[in-house]
Amino acid sequence: MCSAGGLEGEEERRARANDREYNERFQYASNCIKTSKYNILTFLPVNLFEQFQEVANTYFLFLLILQLIPQISSLSWFTTIVPLVLVLTITAVKDATDDYFRHKSDNQVNNRQSQVLINGILQQEQWMNVCVGDIIKLENNQFVAADLLLLSSSEPHGLCYIETAELDGETNTKVRQAIPVTSELGDISKLAKFDGEVICEPPNNKLDKFSGTLYWKESKFPLSNQNMLLRGCVLRNTEWCFGLVIFAGPDTKLMQNSGRTKFKRTSIDRLMNTLVLWIFGFLVCMGVILAIGNAIWEHEVGTRFQVYLPWDEAVDSAFFSGFLSFWSYIIILNTVVPISLYVSVEVIRLGHSYFINWDKKMFCMKKRTPAEARTTTLNEELGQVEYIFSDKTGTLTQNIMVFNKCSINGHSYGDVFDVLGHKAELGERPEPVNFSFNPLADKKFLFWDPTLLEAVKMGDPHTHEFFRLLSLCHTVMSEEKNEGELYYKAQSPDEGALVTAARNFGFVFRSRTPKTITVHEMGTAITYQLLAILDFNNIRKRMSVIVRNPEGKIRLYCKGADTILLDRLHHSTQELLNTTADHLNVGEYAGEGLRTLVLAYKDLDEEYYEEWAERRLQASLAQDSREDRLASVYEEVESDMMVWAAERAKGGQGGVVPGLSSQGPLWYFQLLGATAIEDKLQQGVPETIALLTLANIKIWVLTGDKQELLQSLLVETAVNIGYSCKMLTDDMTEVFIVTGHTVLEVREELRKAREKMMDSSRTVGNGFTYQEKLSSSKLTSVLEAVAGEYALVINGHSLAHALEADMELEFLETACACKAVICCRVTPLQKAQVVELVKKYKKAVTLAIGDGANDVSMIKTAHIGVGISGQEGIQAVLASDYSFSQFKFLQRLLLVHGRWSYLRMCKFLCYFFYKNFAFTMVHFWFGFFCGFSAQTVYDQYFITLYNIVYTSLPVLAMGVFDQDVPEQRSMEYPKLYEPGQLNLLFNKREFFICIAQGIYTSVLMFFIPYGVFAEATRDDGTQLADYQSFAVTVATSLVIVVSVQIGLDTGYWTAINHFFIWGSLAVYFAILFAMHSNGLFDMFPNQFRFVGNAQNTLAQPTVWLTIVLTTVVCIMPVVAFRFLKLNLKPDLSDTVRYTQLVRKKQKAQHRCMRRVGRTGSRRSGYAFSHQEGFGELIMSGKNMRLSSLALSGFTTRSSSSWIESLRRKKSDSASSPSGGADKPLKG
């Protein structure tokens, strides 16, 4: 059996094939994964230990112990133990349920079946029994069980194809290859004898790197990531393969990227813990005051009444009486923080979670996937988000490339125009182009401009050459399972889209061998001899193929970045070049975020090609600087050949320079045109980003493209996506691109960016000038207040330097001053580091959203993690707090559910503290009139039922259902979201206001009835004042006052609110009369002694006048204050509500939406995700958009200005990012 645990401090991994005894010596982790926290034996003790780490639970347990001591307890123990057990039970059931599903998920994965080679026989084994060093067999469409070294496969030369959606969200097929020495081990008998040993790096989370060596037959063979199959991948288009287990279970790169599960708490939770400690201190102070009063009273007065009011036997002095009185008052006054508060909070959060789960507007019909709140503890935090960190592939985009437009010989295709010559939008377009003439066409391919097909059918030579290039210049593999059913296996979705476009327009790539490519051109099969593939690399930004056509002519076809190819064109093509450049830039190819490539070709002389091929062969065989030599050879053939041709002519090789003659071959690059591919965004992404930006939420895109992709290409890709999803706009002052490879370069680029931002804001109106030198404590606030809009784009190499300890603050200051930040080619660890950096230094709530395993660390690090569910895998969803299927649902999650949850929770807490201080402080005032004897004003049943029955349901209804404005207005006015970001609705100031109101109410609640009862008489002339009548009057006044108060606080009335508020009042009177009835007295004479007291007391007009007077005096100041505030300084929500009322009285005004065109920006739209080296593999023979959303810029004279002024005040008072490592509490 395998070891259950991993090896601590492992420096290198040694794994010997088919030798479990040898591998067990290292005690490597088994392939069993465990994400659960408890088992049957550990659940109760561990869960209780976790729960009593909460300050409140420990506090209530302490009170329960005090109530069990008869000498100090004036209340029954059940008043505390019942709600405490209820809270612990509810939380335990929730934790047990969550852990049960984790167990269920773990068992489902661990019990999957795999074929393992044991003793020369393939046996079915559960995944959890697979060990390091085992050889396992995978079949097509199976998940990879562990991190494997690929040994052999059913494909030629040990190739296999995998899908890595579970790891990185990318659904395009990728290629892996076994090393040649093991690729022939396809026979089980040979594999059983294989005893090679792998020595490699220890377990780590780098998905795109692997370094190791295979030792076998007294030789050693280098291993790289191209030889590895990682857990979570799926085998595609490969019948079978064999692999050697290198890393298992928690050591696999998939699990290493999962990160540690962190216990997430909201800022309100953290503030609550602080407030509980403050309240406990306040409680101790009140207890000390009353205890001192008791000691003085007993010493000065109580000693005179020892005859009929003797001390208890244990009490021997006034000091000791005061000591016991202290603990008695601690018990009595503990209701300032009742345990029902925590029960109610959990119920409200649960209700908010169900609202998210039930939201039909967040349900994806296509995938039949609802939104899911996977946690109930973070809902109100959704209303406070300031930073969103988003993945790109699979989150913002669909990773689906669509051939959108093209430019051929100066003519742009792809747009459709109506009869008036206006460009038709997608919904206004006619039917797509009919490709029925082509039996091999891909039926899923859509193109809307019929003029391009007409040009093809008319035999336009430029159009034919354009699509001929697309059908030849690529590394796509073709598979034809049935006649006419072609399936393309592309290295990148870009290539797949281009080859598919050529296929539909009549140039069908049919098959290839290492030396030939067969294309069906307009129904005719033509086989080209493939002479060379000049693959992409990190400098060239282009790809070329050299082919010989059936007539013997040699031609080089090239596609690449416009910034590279346009400079290589001969001056004779200048007019065509200018026209094509206009299409690329002014023509909005790049402006629309399309990924562009320029296409060109030239003919090669036979003699020149032979000489060049010889130089290429020598460069490929070079032992040193092989890549540089090949790049030089490639550069030669892809450059303008006019000079070489002229030299040949001078040497007597011919009198006419080829290419200058209209009949001669073109020995210089001839421009064909350009392609524009749309990396399709998910529906609603631009609108969502625009709306969230208006809500003052900053969005950072952290794209995890593979490191083998081109660095500069990734920057281009990131910029294009930024423009297409409206994160970047041409209205921005500047987009800073940081691509430095050294610490000094990165620091200098960041410094220049900050200087440019500061220079633009040096003078801010009326001649005011910022000081030349600013203190570090104000640098961030000044940068964030710069004039203009900026964006920052940084690649992975530069980010690695920027995240170093001595530069992270410079990076953070620069990034936070920008409206948008895009980090491309970042590792999973870097994603988490960026999130942690913002959490560490900024007073802001962060949200991370992604769809792949490479996003898990980021999702777990952020305050809130959101997983995109769908075809890209479930790793991100399993690690997330919330999940849904499309990015566009994020706006509703934050602006509607998040804002409402924050509003409701804040109103609930304010009201709860108010009502409990009003209830509890009456005991404090009564202490001065009862000899500080710890006697309660109310009877113990009222004390027990006050928070559980009389006032619980109304506040729950408000906390679950309340709204300030309808959901449509929440989306229409995103500025409504800002109070949550500034933590305005519940903070220390609001808490003290609630406490002050509660204390004010308690003073009136006690002294008005006390003053009235001192002189009042009954109808029969007898004295009204007695303890029970006073208690009934105060209790009734309290219930009515807090019921009226919650009626004032409720902004959205439902039938449930009405039922709970008025029903609670009815229940109070029903229970009150029942407890003073003859029936209960007959059953429990020792408990309910005061028969008829409530009926007699409430029958007195004086009592009702007292209740009404108390209610009016308590409520009128609140009404007056809110009336004045509403008229003099309304909130934005108040103004929106008023606007809504006005709209109902006025006729709806139709808004005319004016489409604003983008200005022509001269920037490259080149982006092509392609992996270097696949062309060499082929040649070796080893393979055989903005919808009309009304975004109102609504502002009012006061409602937005107060938010902006507070934000400026907050920024000015905030310390620099280096001020503290922990996120401070807002408020």
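Under an unreviewed UniProt entry, the chain has the name Phospholipid-transporting ATPase and belongs to Eschrichtius robustus. The annotation that UniProt attaches to the chain under Catalytic activity (unreviewed entry) is "ATP + H2O + phospholipidSide 1 = ADP + phosphate + phospholipidSide 2." Recorded under Sequence similarities (unreviewed entry), the UniProt text for the chain is reproduced unchanged: "Belongs to the cation transport ATPase (P-type) (TC 3.A.3) family. Type IV subfamily."

> Tell me about unusual backbone geometry, residues and numbers included.
Positive phi values are uncommon outside glycine, yet Asn-409 reaches one of about 55°. Despite not being glycine, Asn-983 has its phi angle at roughly 55°, a positive value. Position of Asn-983 among the secondary structure elements: in the loop between α32 (978-981) and α33 (988-1015). By relative accessible area, Asn-983 is classed as buried at 2%.

> Account for the sheet that holds strand β14 (residues 372-373), naming residues and giving values.
Sheet strands pair by backbone hydrogen bonding; their relative direction is either parallel or antiparallel. The strand order across the open sheet built from nine strands is β14-β33-β32-β31-β15-β27-β30-β29-β28, with neighbouring strands paired in mixed fashion. If you trace the sheet from one side to the other, it starts and ends with β14 and β28 (734-738), each paired once. Its contacts with the sheet place helix α24 (residues 808-816) against β15 (385-390), β27 (698-703), β29 (790-795) and β30 (820-824), and it is angled at close to 125° to β27.

> How would you explain the sheet that holds strand β4 (residues 135-139) if you had to name every residue and give the values?
Spatially, six strands are ordered β3-β2-β4-β13-β5-β11 in an open sheet, and the strand pairing comes out antiparallel. Strands at the two margins of the open sheet, each flanked by one partner only, are β3 (121-126) and β11 (228-229). Across five bridges, the pairing between β4 and strand β13 (residues 240-247) is antiparallel. In the sheet register, Lys-137 faces β13, and the bridge partner there is Phe-242.

> A description of the environment of Arg-231 should follow, citing residues and the corresponding values.
Mapped onto the elements of the fold, Arg-231 is located in the loop between β11 and β12 (234-236). In sequence terms Arg-231 and Phe-247 are 16 residues apart; their C-alpha atoms lie 9.0 Å from each other. Every residue in contact with Arg-231, bar those within four places of it in the chain, is listed here: Asn-31, Ile-33, Val-109, Trp-127, Val-144, Ala-145, Ala-146, Asp-147, Leu-167, Gly-249, Thr-252 and Leu-254. A polar contact of 3.1 Å, which involves the side chain of Arg-231, links it to the side chain of Asn-31.

> Could you give an account of the state of the cysteines, naming the residues involved and the relevant values?
In total, this model carries zero disulfides according to the counting rule given. With no disulfide of its own, Cys-241 has Cys-160 as its nearest cysteine by sulfur position, at a separation of 5.0 Å. Using a relative accessible area of 1% as the deciding quantity, one classes Cys-241 as buried. No disulfide involves Cys-824; its nearest neighbouring cysteine sulfur is the one of Cys-823, lying 7.7 Å away. For Cys-824, a relative accessible area of 0% translates into the label buried.

> Now, about the nonpolar core: what can you tell me, with residues and values included?
Core analysis: the biggest nonpolar cluster contains 99 residues, and Leu-341, Tyr-938 and Phe-942 have the highest contact counts within it. Counting residues per element, this core draws most heavily on helix α28 (residues 889-927), at 18 residues. Aside from chain neighbours lying at most four places away, what touches Tyr-938 is Ala-918, Phe-919, Val-922, His-923, Ile-943, Tyr-1027, Ala-1031, Val-1034, Ala-1035 and Leu-1038. Ranked by size, the runner-up nonpolar core spans 53 residues in total, among them Ile-118, Leu-150, Leu-191 and Ala-248.

> Could you give an account of the packing of aromatic side chains, naming the residues involved and the relevant values?
Scanning the model with the defined rule gives 62 aromatic pairs in all. Relative to Phe-505, the ring of Phe-447 lies with its centre 5.6 Å away and its plane at 85°, an arrangement referred to as edge-to-face. Pair noted here: Phe-447 is in the loop between β17 (411-413) and α11 (450-457) and Phe-505 is in the loop between α13 (493-504) and β20 (507-512), with a separation of 58 residues, a long-range link. The pair formed by Phe-447 and Phe-505 is uniform in burial state, with each residue classed as buried.

> Can you lay out the packing of α11 against helix α12 (residues 461-472) for me, pointing to particular residues and giving the numbers?
Viewed as axis vectors pointing N to C, α11 and α12 meet at an angle of 100°, and their least axial separation amounts to 8 Å. Relative to α12, the element α11 is oriented roughly perpendicular. Contacts between α11 and α12 involve Leu-452, Ala-455 and Val-456 on the former and, on the latter, Thr-463, His-464 and Phe-467. For the contact of α11 with α12, the class distribution of residues is four nonpolar, two polar and no charged.

> Give a detailed account of the pattern of salt bridges, specifying residues and quantitative values.
For the structure shown, the criterion picks out 50 salt bridges. Linking Glu-372 and Arg-374 is a salt bridge whose minimum nitrogen-to-oxygen distance equals 3.9 Å. Overall, the relative accessible area of 35% leaves Glu-372 in the partly exposed class. A salt bridge links Arg-892 to Glu-967; the shortest N-O distance between them is 3.0 Å. In this pair, Arg-892 sits in helix α28 while Glu-967 sits in helix α31 (residues 967-972), placing the two residues 75 residues apart along the sequence. On the basis of relative accessible area, Arg-892 is assigned to the buried category, the value being 10%. Salt bridges sharing partners connect three or more residues here, namely Glu-12, Arg-14, Arg-16, Asp-19 and Glu-197.

Parameters and conventions
- Residues numbered from 1 in each chain as written.
- Predicted model: local features only at pLDDT ≥ 70, side-chain atom pairs only at ≥ 80, totals over all residues.
- Heavy atoms only, no water.
- UniProt positions renumbered as here; feature names shortened; annotations may be inferred.
- Helix = DSSP H or I, 4+ residues; strand = E, 2+ residues; numbered from the N terminus.
- Buried < 20%, exposed > 50% of the residue type's maximum accessible area, 1.4 Å probe, protein only.
- Pairing = 2+ DSSP bridges.
- Contact = heavy atoms within 4.5 Å.
- Axes fitted to C-alpha atoms, helices over the stretch in contact; angles between N-to-C directions.
- Polar contact = N/O pair within 3.5 Å; in protein donor to acceptor, adjacent residues only side chain to side chain.
- Disulfide = S-S within 2.5 Å.
- Core = buried A, V, L, I, M, F, W, Y, C linked by side-chain atoms within 4.5 Å.
- Phe/Tyr/Trp six-rings, centres within 6.5 Å; stacked < 30°, edge-to-face > 60°.
- Parallel < 35°, antiparallel > 145°, perpendicular 65-115°, else oblique.
- Nonpolar A, V, L, I, M, F, W, Y, C, P; charged D, E, K, R; others polar.
- Salt bridge = Lys/Arg side-chain N within 4 Å of Asp/Glu carboxyl O.

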